[in-house]
Amino acid sequence: LARILKLPRAVPGTLPEGVSAAVRGGGDERWLFLMNYNEQAEKVDLGPGKWRDVEKDADFSGKVFLPPLGIRVFRGTAQDERR
């Protein structure tokens, strides 16, 4: 249904099994939540857009590491996203 409606994805590509991604926000501001429900580390591709990791206070794009049973929160803007 999401493909038929052409809904935007939280991140490009396919997520590893046991990993979820959700984007929330309003206006130009976006928050990306990555959650790893696995007991092993996983990698997720954020794509070419810049996202700021709110805990590390650093910009990221491309592949990021998710610790086992970990959560990462990123902040971005609509113009930063390249889905």
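To start, this report covers the structure provided alongside it. (Residues numbered from 1 in each chain as written. Predicted model: local features only at pLDDT ≥ 70, side-chain atom pairs only at ≥ 80, totals over all residues. Heavy atoms only, no water.)

A few words on the side chain of Arg 72. Its place among the elements puts Arg 72 in strand β7 (residues 71–77). By relative accessible area, which is 8% here, Arg 72 ends up buried. Reaching out from Arg 72, the side chain makes a polar contact with the side chain of Asp 53 at a distance of 2.7 Å. At 2.8 Å, the side chain of Arg 72 forms a polar contact with the backbone oxygen of Phe 65. In this view, Arg 72 contacts Leu 32, Phe 33, Leu 34, Asp 53, Lys 56, Phe 60, Val 64, Phe 65 and Leu 66; residues no more than four positions away in its chain are not counted. (Helix = DSSP H or I, 4+ residues; strand = E, 2+ residues; numbered from the N terminus. Buried < 20%, exposed > 50% of the residue type's maximum accessible area, 1.4 Å probe, protein only. Polar contact = N/O pair within 3.5 Å; in protein donor to acceptor, adjacent residues only side chain to side chain. Contact = heavy atoms within 4.5 Å.)

Our next topic: the nonpolar core. Among the nonpolar cores identified, the biggest contains 11 residues, and these are Ala 10, Val 11, Val 19, Leu 32, Leu 34, Val 44, Leu 46, Trp 51, Val 64, Leu 66 and Phe 74. Excluding residues that lie within four positions of it along the chain, Val 64 makes contacts with Leu 34, Glu 42, Lys 43, Val 44, Leu 46, Arg 72 and Phe 74. (Core = buried A, V, L, I, M, F, W, Y, C linked by side-chain atoms within 4.5 Å.)

Tallied over the entire structure, the rule returns 4 salt bridges. Across the pair Arg 52 and Asp 57 runs a salt bridge whose closest N-O atoms are separated by 3.0 Å. When its relative accessible area of 52% is taken as the criterion, Asp 57 is described as exposed. By relative accessible area, Arg 52 is classed as partly exposed at 33%. Here the salt bridges do not stand alone but share partners, grouping Arg 52, Asp 57 and Asp 59 into one network. (Salt bridge = Lys/Arg side-chain N within 4 Å of Asp/Glu carboxyl O.)

Locating Glu 42 in the fold gives a position in strand β3 (residues 42–45). Side-chain polar atoms of Glu 42 contact the side chain of Asn 38, separated by 3.2 Å. Dropping the residues within four chain positions of it, Glu 42 is found in contact with Pro 16, Glu 17, Val 19, Asn 36, Val 64, Phe 65 and Leu 66.

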